[in-house]
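Residue-level structure breakdown
The residues making up each chain are set out below.
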Amino acid sequence: MVGYTTMIFALFFFLCIIFQINRRRCCKCPISIDYPFVGMLPQLLWNLWKFHDFITQTLKQQHRSTGEFKGPWFSQMNFLITSDPFNVHHIMSKFFYNYVKGSEFHDIFEAFGDGIFATDSDTWKYNRSLFHSVFKQRDFEIFQEKIIHKKLETSLFPMLDHVEKQGLVLDLQDVFSRFTFDNICSVILGCDPNCLSIDFPYVVCEKAFDQIEECIFYRHVLPKSVWKFQKLLGIGHERKMTKACKEFDQFIYSSIESKREELRKCSKNNIEMVDLLTLFMRKDKESQQVIHDDKFLRDAAFNLFVAGRDTITSALTWLFYLVATHPLVETKILEEIKDNFKTINIEKKLGVDDVKKLVYLHGAICEALRLFPPIPFESKKAIKGDILPSGHIVDPNTMILFSLYSMGRFEDIWGKDCLEFKPERWISERGRIVHEPSYKFFTFNAGPRTCLGKDLSFIQIKMIATSILCKYRVQVGEDHIPILSHSIVLLMKNGLRVKLTKRQN
Ligand code: HEM
(Lines give C-alpha, C1' and ligand atoms only; values in the text may rest on other atoms or scores of the structure.)
Protein backbone atom coordinates (compact mmCIF):
# COMPACT_ATOMS: atom_id res chain seq x y z
CA MET A 1 0.00 0.00 0.00
CA VAL A 2 2.77 2.38 1.05
CA GLY A 3 4.57 1.58 -2.21
CA TYR A 4 1.50 2.39 -4.33
CA THR A 5 0.75 5.61 -2.42
CA THR A 6 4.35 6.76 -2.85
CA MET A 7 4.19 5.97 -6.55
CA ILE A 8 0.96 7.92 -7.01
CA PHE A 9 2.41 10.91 -5.11
CA ALA A 10 5.62 10.71 -7.11
CA LEU A 11 3.65 10.61 -10.37
CA PHE A 12 1.51 13.54 -9.28
CA PHE A 13 4.60 15.51 -8.21
CA PHE A 14 6.31 14.70 -11.51
CA LEU A 15 3.27 15.83 -13.53
CA CYS A 16 3.09 19.07 -11.54
CA ILE A 17 6.73 19.82 -12.34
CA ILE A 18 6.20 19.06 -16.04
CA PHE A 19 3.09 21.22 -15.93
CA GLN A 20 4.98 24.12 -14.35
CA ILE A 21 7.91 23.81 -16.76
CA ASN A 22 5.59 23.61 -19.70
CA ARG A 23 3.55 26.49 -18.37
CA ARG A 24 6.63 28.69 -17.97
CA ARG A 25 7.97 27.68 -21.37
CA CYS A 26 4.85 28.47 -23.33
CA CYS A 27 3.25 30.98 -21.03
CA LYS A 28 3.01 33.68 -23.63
CA CYS A 29 0.04 35.25 -21.84
CA PRO A 30 -2.65 32.76 -20.82
CA ILE A 31 -6.07 34.25 -21.48
CA SER A 32 -7.64 32.94 -18.28
CA ILE A 33 -6.97 30.81 -15.21
CA ASP A 34 -5.12 27.65 -16.16
CA TYR A 35 -6.33 24.90 -13.74
CA PRO A 36 -4.38 21.66 -13.34
CA PHE A 37 -5.76 18.81 -15.49
CA VAL A 38 -8.69 20.76 -17.01
CA GLY A 39 -6.78 23.85 -18.15
CA MET A 40 -8.95 26.79 -19.18
CA LEU A 41 -11.79 24.69 -20.50
CA PRO A 42 -14.18 25.23 -17.52
CA GLN A 43 -14.14 28.98 -18.02
CA LEU A 44 -14.74 28.61 -21.76
CA LEU A 45 -17.68 26.25 -21.21
CA TRP A 46 -19.10 28.49 -18.46
CA ASN A 47 -19.12 31.40 -20.94
CA LEU A 48 -20.19 29.37 -23.95
CA TRP A 49 -23.57 31.12 -24.17
CA LYS A 50 -21.73 34.38 -24.93
CA PHE A 51 -18.74 32.75 -26.65
CA HIS A 52 -17.76 35.55 -29.05
CA ASP A 53 -18.20 38.36 -26.53
CA PHE A 54 -16.28 36.38 -23.92
CA ILE A 55 -13.36 35.95 -26.33
CA THR A 56 -13.53 39.68 -27.20
CA GLN A 57 -13.49 40.79 -23.56
CA THR A 58 -10.66 38.39 -22.79
CA LEU A 59 -8.54 39.49 -25.74
CA LYS A 60 -9.05 43.16 -24.82
CA GLN A 61 -7.08 42.48 -21.64
CA GLN A 62 -4.17 40.86 -23.46
CA HIS A 63 -0.99 42.40 -24.78
CA ARG A 64 -1.63 43.13 -28.49
CA SER A 65 -4.97 41.29 -28.22
CA THR A 66 -3.19 37.94 -28.34
CA GLY A 67 -3.16 35.20 -25.70
CA GLU A 68 -2.86 31.52 -25.11
CA PHE A 69 -5.71 29.10 -24.49
CA LYS A 70 -4.79 25.85 -22.75
CA GLY A 71 -7.20 22.94 -22.85
CA PRO A 72 -7.23 19.90 -20.55
CA TRP A 73 -4.00 17.95 -20.31
CA PHE A 74 -3.37 15.60 -23.24
CA SER A 75 -6.43 16.96 -25.05
CA GLN A 76 -4.52 18.68 -27.89
CA MET A 77 -6.69 21.72 -27.29
CA ASN A 78 -3.99 24.34 -26.85
CA PHE A 79 -3.97 27.31 -29.14
CA LEU A 80 -2.95 30.90 -29.49
CA ILE A 81 -5.83 33.32 -30.06
CA THR A 82 -5.19 36.61 -31.78
CA SER A 83 -7.02 39.63 -33.14
CA ASP A 84 -3.94 41.67 -33.91
CA PRO A 85 -3.98 42.88 -37.57
CA PHE A 86 -0.17 42.68 -37.75
CA ASN A 87 -0.27 39.04 -36.72
CA VAL A 88 -3.01 38.46 -39.29
CA HIS A 89 -0.86 40.02 -42.02
CA HIS A 90 2.19 38.03 -40.92
CA ILE A 91 0.39 34.68 -40.91
CA MET A 92 -1.99 35.10 -43.83
CA SER A 93 0.28 36.90 -46.26
CA LYS A 94 3.95 37.43 -45.38
CA PHE A 95 4.69 33.94 -44.07
CA PHE A 96 1.75 32.21 -45.75
CA TYR A 97 3.73 29.05 -46.49
CA ASN A 98 4.54 28.48 -42.82
CA TYR A 99 0.87 28.39 -41.81
CA VAL A 100 -1.51 25.71 -43.04
CA LYS A 101 -4.97 24.46 -42.24
CA GLY A 102 -3.39 21.20 -41.06
CA SER A 103 -4.66 17.80 -40.03
CA GLU A 104 -6.65 19.01 -36.98
CA PHE A 105 -8.65 21.34 -39.20
CA HIS A 106 -9.23 18.49 -41.65
CA ASP A 107 -10.48 16.33 -38.75
CA ILE A 108 -12.84 18.93 -37.33
CA PHE A 109 -14.12 19.94 -40.75
CA GLU A 110 -14.37 16.31 -41.87
CA ALA A 111 -17.62 16.98 -43.75
CA PHE A 112 -15.72 19.35 -46.07
CA GLY A 113 -13.75 16.37 -47.44
CA ASP A 114 -10.88 17.41 -49.70
CA GLY A 115 -12.57 20.61 -50.80
CA ILE A 116 -10.98 24.06 -51.03
CA PHE A 117 -11.64 25.11 -47.41
CA ALA A 118 -10.03 22.13 -45.74
CA THR A 119 -6.97 21.42 -47.88
CA ASP A 120 -3.48 22.81 -48.39
CA SER A 121 -0.81 22.69 -51.09
CA ASP A 122 -1.61 21.12 -54.47
CA THR A 123 -5.19 20.03 -53.75
CA TRP A 124 -6.03 23.55 -52.57
CA LYS A 125 -4.18 25.14 -55.50
CA TYR A 126 -6.08 23.04 -58.02
CA ASN A 127 -9.46 23.85 -56.44
CA ARG A 128 -8.62 27.54 -56.21
CA SER A 129 -7.59 27.91 -59.84
CA LEU A 130 -10.66 25.96 -60.95
CA PHE A 131 -13.06 28.15 -58.96
CA HIS A 132 -11.16 31.31 -59.84
CA SER A 133 -11.56 30.59 -63.56
CA VAL A 134 -15.34 30.40 -63.07
CA PHE A 135 -16.05 33.17 -60.54
CA LYS A 136 -14.08 35.85 -62.30
CA GLN A 137 -16.01 35.45 -65.56
CA ARG A 138 -18.45 38.16 -66.51
CA ASP A 139 -20.80 35.40 -67.74
CA PHE A 140 -20.94 34.00 -64.24
CA GLU A 141 -22.11 37.35 -62.82
CA ILE A 142 -24.84 37.51 -65.45
CA PHE A 143 -25.82 33.88 -64.78
CA GLN A 144 -26.13 34.75 -61.10
CA GLU A 145 -28.12 37.88 -61.91
CA LYS A 146 -30.67 35.87 -63.90
CA ILE A 147 -31.13 33.33 -61.11
CA ILE A 148 -31.63 36.03 -58.48
CA HIS A 149 -34.12 37.97 -60.61
CA LYS A 150 -36.14 34.83 -61.21
CA LYS A 151 -36.11 33.91 -57.53
CA LEU A 152 -37.20 37.41 -56.50
CA GLU A 153 -40.04 37.41 -58.98
CA THR A 154 -41.35 33.88 -58.56
CA SER A 155 -40.76 33.22 -54.87
CA LEU A 156 -39.70 36.13 -52.67
CA PHE A 157 -42.15 38.83 -53.73
CA PRO A 158 -45.24 36.55 -53.73
CA MET A 159 -44.29 35.37 -50.26
CA LEU A 160 -43.61 38.86 -48.84
CA ASP A 161 -46.84 40.20 -50.39
CA HIS A 162 -48.76 37.37 -48.77
CA VAL A 163 -47.15 37.95 -45.36
CA GLU A 164 -47.70 41.71 -45.57
CA LYS A 165 -51.38 41.36 -46.55
CA GLN A 166 -52.03 38.92 -43.73
CA GLY A 167 -50.12 41.11 -41.24
CA LEU A 168 -48.02 38.12 -40.17
CA VAL A 169 -44.76 38.14 -38.24
CA LEU A 170 -41.97 36.78 -40.42
CA ASP A 171 -38.62 35.25 -39.57
CA LEU A 172 -36.49 37.12 -42.08
CA GLN A 173 -33.41 35.00 -41.37
CA ASP A 174 -35.35 31.87 -42.31
CA VAL A 175 -36.50 33.58 -45.50
CA PHE A 176 -32.91 34.49 -46.43
CA SER A 177 -31.73 31.02 -45.54
CA ARG A 178 -34.28 29.45 -47.89
CA PHE A 179 -33.59 32.02 -50.60
CA THR A 180 -29.82 31.43 -50.52
CA PHE A 181 -30.25 27.64 -50.41
CA ASP A 182 -32.42 27.69 -53.55
CA ASN A 183 -29.98 30.12 -55.14
CA ILE A 184 -26.85 28.09 -54.42
CA CYS A 185 -28.58 24.87 -55.57
CA SER A 186 -29.38 26.57 -58.88
CA VAL A 187 -25.80 27.83 -59.24
CA ILE A 188 -24.08 24.56 -58.32
CA LEU A 189 -26.53 21.81 -59.16
CA GLY A 190 -28.73 23.51 -61.72
CA CYS A 191 -31.92 22.68 -59.83
CA ASP A 192 -34.13 24.65 -57.47
CA PRO A 193 -35.52 22.69 -54.47
CA ASN A 194 -38.04 25.52 -53.80
CA CYS A 195 -37.38 25.86 -50.08
CA LEU A 196 -38.70 29.40 -50.34
CA SER A 197 -42.43 29.16 -50.71
CA ILE A 198 -45.48 30.34 -48.80
CA ASP A 199 -45.97 27.06 -46.94
CA PHE A 200 -42.35 27.08 -45.62
CA PRO A 201 -41.71 23.41 -46.47
CA TYR A 202 -39.38 21.27 -44.38
CA VAL A 203 -36.54 20.42 -46.76
CA VAL A 204 -34.38 17.62 -45.35
CA CYS A 205 -31.12 18.55 -47.12
CA GLU A 206 -31.42 22.20 -46.08
CA LYS A 207 -31.88 21.32 -42.41
CA ALA A 208 -29.12 18.71 -42.61
CA PHE A 209 -26.76 21.37 -43.80
CA ASP A 210 -27.56 23.68 -40.84
CA GLN A 211 -27.05 20.75 -38.48
CA ILE A 212 -23.57 20.01 -39.84
CA GLU A 213 -22.46 23.63 -39.36
CA GLU A 214 -23.70 23.64 -35.76
CA CYS A 215 -21.97 20.36 -34.90
CA ILE A 216 -18.65 21.59 -36.30
CA PHE A 217 -18.81 24.50 -33.85
CA TYR A 218 -19.03 22.07 -30.91
CA ARG A 219 -15.98 20.19 -32.20
CA HIS A 220 -14.07 23.44 -31.58
CA VAL A 221 -14.99 23.69 -27.92
CA LEU A 222 -14.73 20.03 -26.91
CA PRO A 223 -11.52 18.00 -26.59
CA LYS A 224 -10.96 15.84 -29.65
CA SER A 225 -11.06 12.65 -27.56
CA VAL A 226 -14.54 13.59 -26.27
CA TRP A 227 -16.17 14.22 -29.65
CA LYS A 228 -14.36 11.23 -31.19
CA PHE A 229 -15.75 9.05 -28.39
CA GLN A 230 -19.24 10.50 -28.92
CA LYS A 231 -18.91 9.74 -32.61
CA LEU A 232 -17.85 6.17 -31.88
CA LEU A 233 -20.84 5.64 -29.60
CA GLY A 234 -23.18 7.59 -31.86
CA ILE A 235 -24.35 9.99 -29.16
CA GLY A 236 -24.83 13.77 -28.63
CA HIS A 237 -24.02 16.21 -31.39
CA GLU A 238 -21.98 13.57 -33.20
CA ARG A 239 -25.05 11.41 -33.73
CA LYS A 240 -26.81 14.38 -35.33
CA MET A 241 -23.71 15.10 -37.41
CA THR A 242 -23.49 11.56 -38.81
CA LYS A 243 -27.19 11.56 -39.70
CA ALA A 244 -27.03 15.02 -41.29
CA CYS A 245 -23.93 14.16 -43.37
CA LYS A 246 -25.67 11.05 -44.67
CA GLU A 247 -28.75 13.04 -45.67
CA PHE A 248 -26.76 15.76 -47.33
CA ASP A 249 -24.54 13.30 -49.21
CA GLN A 250 -27.58 11.43 -50.48
CA PHE A 251 -28.91 14.69 -51.87
CA ILE A 252 -25.63 15.68 -53.55
CA TYR A 253 -24.76 12.24 -54.93
CA SER A 254 -28.20 11.83 -56.47
CA SER A 255 -27.85 15.28 -58.09
CA ILE A 256 -24.45 14.24 -59.49
CA GLU A 257 -25.91 11.04 -60.86
CA SER A 258 -28.78 12.76 -62.64
CA LYS A 259 -26.39 15.41 -64.01
CA ARG A 260 -24.16 12.70 -65.47
CA GLU A 261 -27.17 11.06 -67.04
CA GLU A 262 -28.29 14.40 -68.51
CA LEU A 263 -24.83 15.00 -69.95
CA ARG A 264 -24.68 11.53 -71.50
CA LYS A 265 -27.96 12.18 -73.30
CA CYS A 266 -26.97 15.63 -74.52
CA SER A 267 -24.11 15.19 -76.99
CA LYS A 268 -23.37 18.79 -77.94
CA ASN A 269 -21.70 21.21 -75.57
CA ASN A 270 -23.76 24.32 -75.03
CA ILE A 271 -21.49 27.34 -74.76
CA GLU A 272 -23.73 29.39 -72.51
CA MET A 273 -23.06 29.58 -68.76
CA VAL A 274 -24.50 26.62 -66.89
CA ASP A 275 -24.41 25.25 -63.35
CA LEU A 276 -21.04 24.40 -61.87
CA LEU A 277 -21.50 20.63 -61.78
CA THR A 278 -22.15 20.54 -65.52
CA LEU A 279 -19.21 22.86 -66.10
CA PHE A 280 -16.79 20.62 -64.16
CA MET A 281 -18.12 17.46 -65.84
CA ARG A 282 -17.76 19.05 -69.27
CA LYS A 283 -14.10 19.79 -68.55
CA ASP A 284 -13.53 16.05 -68.05
CA LYS A 285 -15.39 15.25 -71.24
CA GLU A 286 -13.29 17.73 -73.21
CA SER A 287 -9.98 16.48 -71.82
CA GLN A 288 -11.16 12.82 -71.89
CA GLN A 289 -9.83 12.36 -68.38
CA VAL A 290 -11.69 11.74 -65.14
CA ILE A 291 -10.28 14.40 -62.81
CA HIS A 292 -13.64 15.36 -61.41
CA ASP A 293 -14.98 12.06 -60.09
CA ASP A 294 -18.08 11.85 -57.87
CA LYS A 295 -16.10 12.38 -54.66
CA PHE A 296 -14.37 15.47 -56.08
CA LEU A 297 -17.72 16.90 -57.18
CA ARG A 298 -19.32 16.11 -53.83
CA ASP A 299 -16.53 17.90 -51.94
CA ALA A 300 -16.51 20.85 -54.32
CA ALA A 301 -20.27 21.21 -54.03
CA PHE A 302 -20.23 20.94 -50.22
CA ASN A 303 -17.53 23.60 -49.88
CA LEU A 304 -19.34 25.96 -52.23
CA PHE A 305 -22.56 25.46 -50.29
CA VAL A 306 -20.79 26.63 -47.14
CA ALA A 307 -19.04 29.46 -48.96
CA GLY A 308 -21.99 30.89 -50.75
CA ARG A 309 -25.05 30.10 -48.72
CA ASP A 310 -25.02 30.91 -45.01
CA THR A 311 -22.42 33.64 -45.39
CA ILE A 312 -24.93 35.57 -47.52
CA THR A 313 -27.81 34.66 -45.17
CA SER A 314 -25.81 35.97 -42.23
CA ALA A 315 -24.78 39.18 -44.01
CA LEU A 316 -28.37 39.94 -45.09
CA THR A 317 -29.85 39.18 -41.67
CA TRP A 318 -27.46 41.46 -39.79
CA LEU A 319 -27.74 44.16 -42.46
CA PHE A 320 -31.54 44.21 -42.17
CA TYR A 321 -31.39 44.18 -38.39
CA LEU A 322 -28.98 47.13 -38.34
CA VAL A 323 -30.82 49.12 -41.01
CA ALA A 324 -34.19 48.57 -39.30
CA THR A 325 -32.77 49.80 -36.00
CA HIS A 326 -31.05 52.82 -37.61
CA PRO A 327 -33.81 54.73 -39.47
CA LEU A 328 -31.42 57.47 -40.62
CA VAL A 329 -29.30 54.92 -42.45
CA GLU A 330 -32.44 53.48 -44.05
CA THR A 331 -33.44 56.95 -45.29
CA LYS A 332 -29.98 57.52 -46.77
CA ILE A 333 -30.02 54.16 -48.59
CA LEU A 334 -33.39 55.00 -50.15
CA GLU A 335 -32.22 58.51 -51.06
CA GLU A 336 -29.21 57.05 -52.83
CA ILE A 337 -31.45 54.71 -54.83
CA LYS A 338 -33.70 57.69 -55.74
CA ASP A 339 -30.69 59.77 -56.78
CA ASN A 340 -29.44 57.03 -59.08
CA PHE A 341 -32.69 55.68 -60.51
CA LYS A 342 -35.07 58.68 -60.06
CA THR A 343 -37.53 56.66 -57.95
CA ILE A 344 -37.59 53.85 -55.45
CA ASN A 345 -40.60 52.39 -57.24
CA ILE A 346 -38.23 50.64 -59.61
CA GLU A 347 -40.04 48.93 -62.46
CA LYS A 348 -37.10 46.92 -63.70
CA LYS A 349 -35.17 44.98 -61.09
CA LEU A 350 -31.68 46.30 -60.45
CA GLY A 351 -28.91 44.33 -62.16
CA VAL A 352 -25.19 43.76 -61.63
CA ASP A 353 -24.10 47.10 -63.14
CA ASP A 354 -26.88 49.09 -61.43
CA VAL A 355 -26.03 47.98 -57.91
CA LYS A 356 -22.33 48.73 -58.39
CA LYS A 357 -23.31 52.44 -58.34
CA LEU A 358 -24.67 52.26 -54.79
CA VAL A 359 -21.80 53.53 -52.64
CA TYR A 360 -23.71 54.30 -49.43
CA LEU A 361 -25.35 50.88 -49.46
CA HIS A 362 -21.89 49.40 -49.98
CA GLY A 363 -20.74 51.22 -46.82
CA ALA A 364 -23.74 49.88 -44.88
CA ILE A 365 -22.94 46.32 -45.97
CA CYS A 366 -19.26 46.71 -45.00
CA GLU A 367 -20.33 47.97 -41.58
CA ALA A 368 -22.64 44.99 -41.05
CA LEU A 369 -19.83 42.65 -42.14
CA ARG A 370 -17.34 44.38 -39.85
CA LEU A 371 -19.54 44.14 -36.75
CA PHE A 372 -20.98 40.71 -37.57
CA PRO A 373 -18.52 38.83 -39.81
CA PRO A 374 -20.38 35.81 -41.23
CA ILE A 375 -17.34 33.61 -40.50
CA PRO A 376 -16.53 34.77 -36.97
CA PHE A 377 -13.35 32.77 -36.41
CA GLU A 378 -10.66 31.06 -38.45
CA SER A 379 -7.70 28.85 -37.68
CA LYS A 380 -4.22 28.01 -38.96
CA LYS A 381 -1.41 25.75 -37.84
CA ALA A 382 2.30 26.64 -37.81
CA ILE A 383 4.70 24.30 -39.60
CA LYS A 384 7.93 25.74 -38.18
CA GLY A 385 8.53 27.80 -35.05
CA ASP A 386 8.17 31.55 -35.46
CA ILE A 387 7.84 34.85 -33.58
CA LEU A 388 4.78 36.93 -34.33
CA PRO A 389 4.89 40.73 -34.74
CA SER A 390 3.14 40.95 -31.34
CA GLY A 391 6.19 39.23 -29.82
CA HIS A 392 4.41 35.94 -29.09
CA ILE A 393 6.37 32.77 -29.64
CA VAL A 394 4.91 30.17 -31.96
CA ASP A 395 6.18 26.59 -31.58
CA PRO A 396 5.97 24.15 -34.48
CA ASN A 397 2.41 22.71 -34.72
CA THR A 398 0.88 25.54 -32.67
CA MET A 399 -2.75 26.09 -33.56
CA ILE A 400 -3.65 29.74 -34.07
CA LEU A 401 -7.22 30.96 -33.81
CA PHE A 402 -8.31 34.34 -35.20
CA SER A 403 -11.35 36.05 -33.78
CA LEU A 404 -12.77 38.09 -36.65
CA TYR A 405 -15.72 39.05 -34.48
CA SER A 406 -13.39 40.64 -31.91
CA MET A 407 -11.44 42.51 -34.58
CA GLY A 408 -14.49 44.56 -35.50
CA ARG A 409 -14.82 45.63 -31.88
CA PHE A 410 -11.39 46.98 -31.06
CA GLU A 411 -10.81 50.73 -30.67
CA ASP A 412 -7.15 50.32 -31.72
CA ILE A 413 -8.34 49.11 -35.12
CA TRP A 414 -11.54 51.08 -35.80
CA GLY A 415 -11.40 54.01 -33.41
CA LYS A 416 -13.45 55.05 -30.39
CA ASP A 417 -16.75 54.66 -32.26
CA CYS A 418 -15.95 51.05 -33.23
CA LEU A 419 -19.21 49.71 -31.78
CA GLU A 420 -21.36 52.11 -33.78
CA PHE A 421 -23.01 51.23 -37.08
CA LYS A 422 -21.68 54.02 -39.31
CA PRO A 423 -21.70 53.42 -43.09
CA GLU A 424 -19.99 56.83 -43.46
CA ARG A 425 -16.80 55.17 -42.17
CA TRP A 426 -16.49 53.54 -45.60
CA ILE A 427 -17.05 56.62 -47.74
CA SER A 428 -14.27 59.04 -48.63
CA GLU A 429 -14.68 62.82 -48.87
CA ARG A 430 -14.93 62.45 -52.64
CA GLY A 431 -17.84 60.04 -52.22
CA ARG A 432 -15.85 56.94 -53.12
CA ILE A 433 -15.61 53.64 -51.23
CA VAL A 434 -12.76 53.53 -48.71
CA HIS A 435 -10.67 50.40 -49.21
CA GLU A 436 -9.34 49.07 -45.92
CA PRO A 437 -6.47 46.55 -45.99
CA SER A 438 -7.70 42.98 -45.68
CA TYR A 439 -5.66 42.28 -42.53
CA LYS A 440 -7.71 45.04 -40.85
CA PHE A 441 -11.08 44.30 -42.49
CA PHE A 442 -10.51 40.55 -42.26
CA THR A 443 -14.09 39.46 -42.97
CA PHE A 444 -13.19 38.04 -46.39
CA ASN A 445 -9.86 36.60 -45.24
CA ALA A 446 -6.48 37.93 -46.38
CA GLY A 447 -3.52 36.88 -48.53
CA PRO A 448 -3.50 34.07 -51.09
CA ARG A 449 -6.60 32.47 -49.54
CA THR A 450 -8.76 35.58 -49.80
CA CYS A 451 -12.42 34.81 -50.43
CA LEU A 452 -13.11 34.18 -54.11
CA GLY A 453 -16.72 35.27 -53.82
CA LYS A 454 -16.23 38.76 -52.36
CA ASP A 455 -17.39 40.78 -55.39
CA LEU A 456 -20.18 38.34 -56.08
CA SER A 457 -21.35 38.65 -52.47
CA PHE A 458 -21.73 42.42 -52.66
CA ILE A 459 -23.70 42.07 -55.89
CA GLN A 460 -26.04 39.45 -54.42
CA ILE A 461 -26.57 41.29 -51.13
CA LYS A 462 -27.22 44.59 -52.90
CA MET A 463 -29.68 43.06 -55.37
CA ILE A 464 -31.68 41.34 -52.65
CA ALA A 465 -31.51 44.24 -50.17
CA THR A 466 -32.58 46.94 -52.66
CA SER A 467 -35.49 44.92 -53.95
CA ILE A 468 -36.86 44.39 -50.44
CA LEU A 469 -36.09 47.87 -49.08
CA CYS A 470 -37.72 49.63 -52.03
CA LYS A 471 -40.97 47.71 -51.61
CA TYR A 472 -41.32 47.27 -47.86
CA ARG A 473 -40.59 48.93 -44.58
CA VAL A 474 -39.11 46.28 -42.31
CA GLN A 475 -39.84 46.66 -38.59
CA VAL A 476 -38.02 44.67 -35.93
CA GLY A 477 -39.90 44.18 -32.64
CA GLU A 478 -38.64 46.59 -29.94
CA ASP A 479 -38.00 43.74 -27.56
CA HIS A 480 -35.95 41.77 -30.08
CA ILE A 481 -32.52 41.01 -28.62
CA PRO A 482 -30.34 39.19 -31.12
CA ILE A 483 -28.53 36.19 -29.67
CA LEU A 484 -25.55 34.80 -31.55
CA SER A 485 -25.90 31.21 -32.69
CA HIS A 486 -23.44 28.43 -31.90
CA SER A 487 -22.31 27.68 -35.40
CA ILE A 488 -19.35 28.22 -37.67
CA VAL A 489 -21.45 30.91 -39.37
CA LEU A 490 -22.68 33.88 -37.35
CA LEU A 491 -26.46 33.67 -37.42
CA MET A 492 -29.16 34.79 -34.97
CA LYS A 493 -30.07 31.96 -32.63
CA ASN A 494 -33.81 32.66 -32.63
CA GLY A 495 -34.03 34.19 -36.07
CA LEU A 496 -35.01 37.77 -36.96
CA ARG A 497 -38.72 38.34 -36.42
CA VAL A 498 -40.09 41.30 -38.36
CA LYS A 499 -43.29 42.89 -39.63
CA LEU A 500 -43.58 44.34 -43.10
CA THR A 501 -45.53 47.31 -44.40
CA LYS A 502 -45.74 48.22 -48.06
CA ARG A 503 -44.07 51.49 -48.97
CA GLN A 504 -46.30 54.21 -50.40
CA ASN A 505 -44.26 55.74 -53.19
C1 HEM B 1 -20.65 37.81 -47.18
C2 HEM B 1 -20.26 36.75 -47.83
C3 HEM B 1 -18.95 36.04 -47.66
C4 HEM B 1 -18.02 36.13 -46.66
C5 HEM B 1 -18.04 37.01 -45.43
C6 HEM B 1 -16.95 35.21 -46.99
C7 HEM B 1 -15.82 35.01 -46.22
C8 HEM B 1 -14.83 34.10 -46.49
C9 HEM B 1 -13.73 33.76 -45.62
C10 HEM B 1 -13.50 34.35 -44.23
C11 HEM B 1 -12.99 32.82 -46.24
C12 HEM B 1 -11.76 32.11 -45.66
C13 HEM B 1 -12.21 30.86 -44.95
C14 HEM B 1 -11.09 29.98 -44.49
O15 HEM B 1 -10.06 29.89 -45.15
O16 HEM B 1 -11.24 29.33 -43.44
C17 HEM B 1 -13.60 32.58 -47.52
C18 HEM B 1 -13.09 31.71 -48.45
C19 HEM B 1 -13.73 31.42 -49.62
N20 HEM B 1 -14.90 31.97 -50.10
FE21 HEM B 1 -16.02 33.36 -49.21
N22 HEM B 1 -17.26 34.59 -48.16
C23 HEM B 1 -18.47 35.06 -48.61
C24 HEM B 1 -19.15 34.67 -49.74
C25 HEM B 1 -18.66 33.82 -50.69
C26 HEM B 1 -19.36 33.45 -51.89
C27 HEM B 1 -20.74 33.96 -52.31
C28 HEM B 1 -18.56 32.56 -52.55
C29 HEM B 1 -18.80 31.87 -53.85
C30 HEM B 1 -19.86 31.24 -54.18
C31 HEM B 1 -17.36 32.40 -51.75
C32 HEM B 1 -16.29 31.59 -52.09
C33 HEM B 1 -15.20 31.36 -51.29
C34 HEM B 1 -14.16 30.39 -51.60
C35 HEM B 1 -14.12 29.48 -52.81
C36 HEM B 1 -13.23 30.42 -50.55
C37 HEM B 1 -11.98 29.58 -50.37
C38 HEM B 1 -10.74 30.39 -50.69
C39 HEM B 1 -9.46 29.61 -50.46
O40 HEM B 1 -9.34 28.89 -49.46
O41 HEM B 1 -8.57 29.75 -51.29
N42 HEM B 1 -17.46 33.17 -50.63
N43 HEM B 1 -14.72 33.37 -47.66
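The model shown is predicted, which means the values in this text are computed figures rather than measured ones. (Residues numbered from 1 in each chain as written. Predicted model: local features only at pLDDT ≥ 70, side-chain atom pairs only at ≥ 80, totals over all residues. Heavy atoms only, no water.)

Below, the discussion takes up the UniProt feature "binding site: heme" (unreviewed entry) in the chain. Per the UniProt record, "binding site: heme" (unreviewed entry) is found at Cys451. Locating cysteine 451 in the fold gives a position in the loop between α18 (411–414) and α19 (454–471). Cysteine 451 sits in the partly exposed class, given a relative accessible area of 30%. With residues near it in sequence (within four places) discarded, cysteine 451 still touches Phe444 and Asn445. (UniProt positions renumbered as here; feature names shortened; annotations may be inferred. Helix = DSSP H or I, 4+ residues; strand = E, 2+ residues; numbered from the N terminus. Buried < 20%, exposed > 50% of the residue type's maximum accessible area, 1.4 Å probe, protein only. Contact = heavy atoms within 4.5 Å.)

If you walk through the whole model with that rule in mind, you get 34 salt bridges. When the shortest N-O distance is used, the salt bridge between arginine 219 and glutamate 238 registers 2.8 Å. Separated by 19 residues along the polypeptide, arginine 219 in helix α9 (residues 204–221) and glutamate 238 in helix α11 (residues 236–265) bring together distant segments of the chain. Judged by relative accessible area, glutamate 238 falls into the buried class, the value being 2%. The closest approach of N and O atoms between arginine 425 and glutamate 367, which form a salt bridge, is 3.2 Å. (Salt bridge = Lys/Arg side-chain N within 4 Å of Asp/Glu carboxyl O.)

Next up on the list: the sheet that holds strand β10 (residues 497–502). Strand order in the open sheet formed by three strands is β4-β10-β9, with antiparallel pairing between adjacent strands. Taken across any chain shown, the strands that pair with only one partner, and hence form the sheet edges, are β4 (170–171) and β9 (472–476). Sheet topology places β4 next to β10; two bridges connect them, and they run antiparallel. Among the inter-strand pairings, aspartate 171 is bridged to a residue of β10, identified as arginine 497. (Pairing = 2+ DSSP bridges.)

Time to look at the side chain of glutamine 144. Among the structural elements, glutamine 144 can be located in helix α7 (residues 138–166). A relative accessible area of 3% places glutamine 144 in the buried class. Each residue touching glutamine 144, except ones within four places of it in the same chain, is listed here: Asn183, Val187, Leu456 and Gln460.

With that settled, consider a nonpolar patch on the surface. On the surface, Ile33, Tyr35, Phe37 and Val38 cluster together into a nonpolar patch covering about 360 Å² of accessible area. Here phenylalanine 37 falls in the partly exposed class, since its relative accessible area comes to 43%. (Patch = residues over 30% accessible without salt bridge, like charges linked within 9 Å, V, L, I, M, F, W, Y side chains within 5 Å. Areas by Shrake-Rupley, 256 points an atom, 1.4 Å probe, with all protein chains shown as cover.)

Time to look at the site of the ligand. The immediate surroundings of the ligand are formed by 22 residues, with Lys101, Trp124, Arg128, Arg449 and Cys451 found nearest. Between the ligand and lysine 101, the relevant distance is 2.6 Å, taken from an oxygen atom to a side-chain nitrogen or oxygen of the residue. Top element by residues in the shell around the ligand is helix α6 (residues 121–135). It accounts for four residues. By residue class, the composition of the shell around the ligand is twelve nonpolar, six polar and four charged. (Near = heavy atom within 4 Å. Polar contact = N/O pair within 3.5 Å; in protein donor to acceptor, adjacent residues only side chain to side chain. Nonpolar A, V, L, I, M, F, W, Y, C, P; charged D, E, K, R; others polar.)

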